[in-house]
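# A closer look at the structure
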Amino acid sequence: PGGARGGGRWGRRGDGVRHRRNVVEGAVGRARLRAALLSAETSTELAHDPVLVAADAVQLGRIIDTLINNSLSYAVRPARLVIGVSADSAGAVGRVQDNGVGIPSDQREKVFDRFYRSAGPAVTKVPGVGLGLYISRRLAELHGGSLVVETSTPGEGTVFVLKLPPADQGPFSS
C-alpha cells in the first residue's frame, strides 16, 4: 500500500524547487493512520514532473483531505483508494477514486449542495453535516478550477476530479 509512481507534486509558482509543497503526498500522509486503522489500501499515481498550479497550498490540501476522508468513510471494506495527479492542456487534474457505496446519478450534483446528505443506511451511519464537498467545490472555484464527480456506480465506487489552472493562469498568479 501507498506506492507512488514518479515524483509528481502540486506546488505553487514562486516556491523554490527545494521548498515546493507536495500537497497530495501531504494529504495522503495525514490520512495514513486512519487508512491503516481501516486496513485501507491507498496508492498514488503522480505525474513524473511537478504539476504547478495557481493555488493556495493550505486550501488545496483541505480539498484533497476532504476527498480522501470521504473516500475512507464511504468505502466498502477493505477500502481501496487511488489518488492521482496529472497535467493536461488546461492545467492540473487531480483524481480520487474509491471502491465506496457510490452516488446515484440523480444525486451527483446534489452532493455539492450546502448541508446535503444522501439517504440510505450506508451513508447515514457516517457522521457529518454535508459541508465538506460544498466547501471543497467552492474552494476549487475560488482558485479558478472545478470539482466534479467524474463517474460513480452505486455499490462500486466513485471518482472525484479536481481541475485547477496552471501556475501562470489562476487567480494567484502574478
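Quick notes on the rules
Residues numbered from 1 in each chain as written. Predicted model: local features only at pLDDT ≥ 70, side-chain atom pairs only at ≥ 80, totals over all residues. Heavy atoms only, no water. Helix = DSSP H or I, 4+ residues; strand = E, 2+ residues; numbered from the N terminus. Buried < 20%, exposed > 50% of the residue type's maximum accessible area, 1.4 Å probe, protein only. Contact = heavy atoms within 4.5 Å. Areas by Shrake-Rupley, 256 points an atom, 1.4 Å probe, with all protein chains shown as cover. Polar contact = N/O pair within 3.5 Å; in protein donor to acceptor, adjacent residues only side chain to side chain. Pairing = 2+ DSSP bridges. Salt bridge = Lys/Arg side-chain N within 4 Å of Asp/Glu carboxyl O. Phe/Tyr/Trp six-rings, centres within 6.5 Å; stacked < 30°, edge-to-face > 60°. Lys NZ or Arg CZ within 6 Å of the ring centre and 35° of its normal.

## Let's talk about the overall build of the protein
A count of helical and extended segments in the protein gives four helices and eight strands. Tracing the protein from N to C terminus, the helices and strands come up as β-β-α-β-β-α-β-β-α-α-β-β. Per-residue burial over the protein gives 44% buried out of 174 residues. Long-range pairs, those at least 24 residues apart, make up 67% of the contacts in the protein between residues at least 6 apart in sequence. As displayed, the protein has an accessible area near 9,100 Å², and 52% of this comes from carbon and sulfur atoms.

## Points about the side chain of T158
Along the chain, T158 falls in strand β8 (residues 157–164). Here S152 takes part through its side chain, which lies 2.7 Å from a polar atom of the side chain of T158.

## So, the pairing of strand β5 (residues 80–88)
Judged from the six bridges that link them, strand β3 (residues 41–46) and β5 form a sheet pairing that is parallel. The residue bridging E41 from the neighbouring strand is R80, located in β5. Taken together, the eight bridges between β5 and strand β6 (residues 91–98) define a ladder with antiparallel strand orientation. When the sheet's bridge partners are listed, I83 is paired in β6 with V96.

## Topic: the side chain of R137
Positionally, R137 belongs in helix α4 (residues 132–142). Residue classification places R137 among the buried positions, given a relative accessible area of 14%. A distance of 2.8 Å separates the side chain of R137 from the side chain of E109, its partner in a polar contact. Those residues in contact with R137 that lie beyond four places of it in its chain are E109, F112, L147 and V148.

## Description of the pattern of salt bridges
The tally for this structure, following the rule as stated, stands at four salt bridges. For R138, the salt bridge is made with E141, and the minimal N-O distance between the two is 3.9 Å. Of this pair, R138 and E141 both sit in helix α4, separated by three residues, roughly a single helical turn. When its relative accessible area of 41% is taken as the criterion, R138 is described as partly exposed. Using a relative accessible area of 42% as the deciding quantity, one classes E141 as partly exposed.

## Looking at the packing of aromatic side chains
Under the criterion given, the structure shown has one aromatic pair. For the ring pair F112 and F160, a centre distance of 6.2 Å and an interplane angle of 85° mean the geometry is edge-to-face. In this pair, F112 is assigned in the loop between β6 and α3 (121–124) and F160 in strand β8, connecting sequence segments 48 residues apart. One exposure class covers both F112 and F160, and it is buried. Between R137 and the ring centre of F112, over which it is positioned, the NZ or CZ distance is 3.8 Å.

## Digging into the environment of E150
Here E150 shows up in strand β7 (residues 146–153). Each residue touching E150, except ones within four places of it in the same chain, is listed here: R95, V159 and V161. A polar atom in the side chain of E150 sits 2.8 Å from the side chain of R95.

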